[in-house]
Amino acid sequence: MKIKRLDIFGFKSFVDKVSIEFETGITGIVGPNGCGKSNILDAIRWVMGEQNVRHLRGRMMEDVIFGGSETRKPTGLAEVSVIFDNSDGNCPAAYKDFAEIMVTRKLYRSGDSDYLINKTPCRLLDINELFMDTGVGARAYSIIEQGKVGALVSAKPEERRSLIEEVAGVTKYKSRKKSALRKMDATRQNLIRLGDIISEVR
Ligand code: ATP
């Protein structure tokens, strides 16, 4: 899955709508200090489901909404869409027939948020599942930031293993196994409670 375009509106320093096209090959983003280069990376990470605001260099999630400047009022909404080229079909079966996949995340100052895939509202879980094992995602290896290579070299074996599992495509199954085990555990607890109730009413 290759990123084709990124649309940013009201996110951090991007008060007006900005579209960034990623052509085939290398795209370089250059500009003076503080002009918003890292905010573009934050926008990509955010739209792909990042929940930890510290990974977006903020204190509260509201910090991602344009907070105003000398000449512009704060916006009430941050909205980022990322458009993937899906011609390689390297995505979950449900999206195989789409030539492009658009993932959108919105956050209102009220705290309400929306997630959309191809303009259809969805859950954060759907977005996480869409990216699982594709190498793309909020924490995936597609984003290699300063210090990441060094961190990988000095990582604990288990941490390094989780990256290899993502590359090998087993993360999705591990995540589903974890959620199935959680459901089995909840069912087991319900059965115990049911047993107690039955013995009480007998
Ligand atoms: P450097 O080259 O120094 O690393 P950069 O180009 O990567 O800089 P960023 O860190 O992306 O710059 O952007 C920093 C700018 O974004 C600052 O001017 C900061 O005020 C602005 N900014 C961050 N969050 C918001 C927000 N919520 N509202 C308005 N402006 C914001």
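Please read all numbers here as calculations on a predicted model, not as lab measurements. (Residues numbered from 1 in each chain as written. Predicted model: local features only at pLDDT ≥ 70, side-chain atom pairs only at ≥ 80, totals over all residues.)

So, the site of the ligand
Quick reminder of the rule: We call a residue near a molecule or strand if the C-beta atom, set from the backbone, is within 6 Å of it. Three classes are used: nonpolar for Ala, Val, Leu, Ile, Met, Phe, Trp, Tyr, Cys and Pro, charged for Asp, Glu, Lys and Arg, and polar for all others, with Gly counted as polar.
Around the ligand, 14 residues are found, and the nearest of them are Asn33, Lys37, Ser38, Asn39 and Gly67. Looking at the shell around the ligand residue by residue, the classes come out as three nonpolar, eight polar and three charged.

Observations regarding the sheet that holds strand 3 (residues 77–85)
Put simply, the rule is: Note on pairing: DSSP must find at least two bridges between two strands before they are called paired. Helix and strand definitions follow DSSP, with helices as H or I runs of at least four residues and strands as E runs of at least two, each counted in order from the N terminus. Working convention: axes come from line fits to C-alpha atoms, limited for helices to the stretch in contact. Angles between N-to-C directions cover 0 to 180 degrees.
Read across the sheet, six strands follow the order 2-1-3-4-5-6 without closing on themselves; strand pairing throughout is antiparallel. Either end of the sheet is taken by a strand with one partner, and the two such strands are strand 2 (18–21) and strand 6 (120–122). The sheet shows a mean angle of 20 degrees between the axes of neighbouring strands, taken without regard to direction. In the sheet, strand 5 (residues 113–117) pairs with strand 6 via three bridges, with the strands oriented antiparallel.

Some words on the UniProt feature "binding site: ATP" (unreviewed entry) in the chain
The condition that has to hold: UniProt positions are given in the numbering used here, feature names are shortened, and annotations may be inferred rather than shown by experiment. Contact between two residues is assigned whenever their backbone-derived C-beta positions fall within 7 Å.
UniProt annotation of "binding site: ATP" (unreviewed entry) refers to Pro32, Asn33, Gly34, Cys35, Gly36, Lys37, Ser38 and Asn39 when read in the numbering used here. Looking at the element boundaries, Gly34 is found in the loop between strand 2 and helix 1 (37–47). Counting through the fold element by element, Asn39 comes out in helix 1. Apart from the residues lying within four places of it in its own chain, the contact partners of Asn39 are Lys12, Ser13 and Phe14.

Quick look at the environment of Tyr173
Residue placement: Tyr173 occurs in helix 5 (residues 171–201). Measuring from C-alpha to C-alpha, the distance between Tyr173 and Glu21 comes to 33 Å, with 152 residues separating the pair along the chain.

Points about the pairing of strand 4 (residues 100–108)
In the sheet, strand 3 pairs with strand 4 via nine bridges, with the strands oriented antiparallel. Across the sheet, residue Ile83 finds its bridge partner in strand 4, namely Met102. Pairing between strand 4 and strand 5: five bridges, direction antiparallel. Looking at strand 5, one finds that Arg105 is bridged to Tyr115.

What about helix 4 (residues 157–168)?
In an α-helix there are 3.6 residues to a turn, and that puts residues three or four apart on one side. The cut-off we apply is this: Multiplying one less than the number of residues by 1.5 Å gives the expected span of a helix. We call a residue exposed when 12 or fewer other C-beta atoms sit within 10 Å of its C-beta, buried when the count reaches 20 or more, and partly exposed for counts in between; the C-beta positions come from the backbone.
Spanning twelve residues, helix 4 covers 16 Å between terminal C-alpha atoms, matching the ideal 16 Å at 1.5 Å per step. When you tally the buried positions in helix 4, you get one out of twelve residues, a small fraction of the element. Looking one or two places after helix 4, you find Gly169, whose phi comes out positive at around 85 degrees.

Side note on the environment of Val18
Among the secondary structure elements, Val18 is positioned in strand 2. In this structure, the C-alpha to C-alpha distance between Val18 and Gly49, residues 31 residues apart in sequence, is 20 Å.

Overview of the pairing of strand 5
Where strand 4 folds back on strand 5, the antiparallel hairpin that results is connected by four residues, among which Gly111 adopts a positive phi of roughly 105 degrees. Hairpin connection between strand 5 and strand 6: a loop of two residues separates the two successive antiparallel strands, and Asn118 in this loop has a positive phi of roughly 45 degrees.

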